Every structure is written in C-alpha cells, then in structure tokens.
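# Structure assessment
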Amino acid sequence: MAHLEVGLIGSEGMLGAPLVLGVAVSPLRARVQGAGPAWRMSAVQFARELGRVPSLRRALHRYLQVRMSQLAQAAACTRFHMVEERLARWLLMAQDRAHGDGFHVTHEFLAYILGVRRVGVTKAANALQLRRLIRYRRGSVEILDRRGMEAASCDCYQADRETYDSLLPAAA
C-alpha cells in the first residue's frame, strides 16, 4: 500500500477531526513524528464538550477549514511541484510545528511522507544542503536559512501559511 502526506498537525491542532463533523471513523492514518505533550479524550467526551461549548465548536470549524485547505494544497503540490520544492515546503511546515530550528526526521520517513523513493529525498536534501539552507546528518535536520528555504519551496508553503494565519491567528 502506498502512503502519502495529506497534512501536518502541531500543537495548534487535533487528530480526529472527523469527530467534529459527527463521523466516528476516518480513512486516514496518523503517524507521530515529534516528541511533546498531547491531550487525549474519548470520542464520547469530545462530542459532549463540542455540544456544550459553542466557542470550541467555532474554533474547531475554523481549524477544519485550515485542514481542508492543507489537503487541497498538498494534493496540488504533489501533482505539480518537484521533490526539492516539496521537501523544502514540508521541512518549513515541520519547523513551524516543532517550534525550533532542528528536528529528527529520516530519509525513509520523508520518502514515505512525500510519496517518492528514498533516492529522490537524498538528492533533494543534498541540493538544499549544498545551498547551505539545511544541515542534515543521520536523521537530524537543522534549517540554517529560513528565508532561503522559503525561496526554495514552492508557493504552496506561503499559501498554507496565509490560510493558517488568517483562520488561526492565535496559533500563528
């Protein structure tokens, strides 16, 4: 079975967004990549709180709009952009959610997420490293030049960022 990234969730978001729409199952599979705290609650508790707290419901509706926009943007990005641009976009999005310049990610995982062969990730990462935009060693990535990475990424990163900032300004 082939895998492909359809979204990236950080501390601003939640897994289980279909529950907001009253759907108890999801065809998507989640994979945790970074360390950090997380909250967990049952679907029944969540549905109860969603019905009880209108401000929570409104905030999650805005979040769902961001997620749907990211889904559409990821599909277009996968179809129209080269691996190097997509890798730069994904690393920037990961950095935004990691809240730091460096994080752990393997070529194997990046190939899985980007829907390409591992050699494609290796070539793209090497190109970014030769331009001194990132430092990559044994699963550790550090973004050295954020502005350069933004220039190297496709326009999808900026589009995602603008949607995110306009609909979730408190999280931005």
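Everything below is about the structure shown above.
Residues numbered from 1 in each chain as written. Predicted model: local features only at pLDDT ≥ 70, side-chain atom pairs only at ≥ 80, totals over all residues. Heavy atoms only, no water.

So, about the packing of helix α3 (residues 83–98) against helix α4 (residues 107–114). It is at 11 Å that the axes of α3 and α4 come closest, and there the two elements cross at 105°. Taken as axis vectors, α3 and α4 run roughly perpendicular relative to one another. Residue-level contacts link R86, L87 and W90 of α3 to F109, L110, I113 and L114 of α4. Tallied by class, residues from the contact of α3 with α4 come to six nonpolar, no polar and one charged. (Axes fitted to C-alpha atoms, helices over the stretch in contact; angles between N-to-C directions. Helix = DSSP H or I, 4+ residues; strand = E, 2+ residues; numbered from the N terminus. Parallel < 35°, antiparallel > 145°, perpendicular 65-115°, else oblique. Contact = heavy atoms within 4.5 Å. Nonpolar A, V, L, I, M, F, W, Y, C, P; charged D, E, K, R; others polar.)

Take the pattern of salt bridges next. Within the structure shown, the criterion is met by nine salt bridges. The residue E12 makes a salt bridge to R97 at a minimum N-O spacing of 3.7 Å. Taken as a pair, E12 in the segment before α1 (43–52) and R97 in helix α3 lie far apart in primary sequence, 85 residues in all. This pair shows no difference in class: E12 is buried, exactly as R97 is. Between E49 and R52 there is a salt bridge, with its nearest N and O atoms 2.8 Å apart. With E49 and R52 both in helix α1 and three residues apart, the pair spans about one turn of that helix. A relative accessible area of 24% means that E49 is categorised as partly exposed. Classification of R52 as exposed rests on a relative accessible area of 58%. Through salt bridges with shared partners, a single network forms among D96, R146, E150, R161 and D165. (Salt bridge = Lys/Arg side-chain N within 4 Å of Asp/Glu carboxyl O. Buried < 20%, exposed > 50% of the residue type's maximum accessible area, 1.4 Å probe, protein only.)

Note that every value here comes from positions in space, so none of it alone points to a role or purpose.
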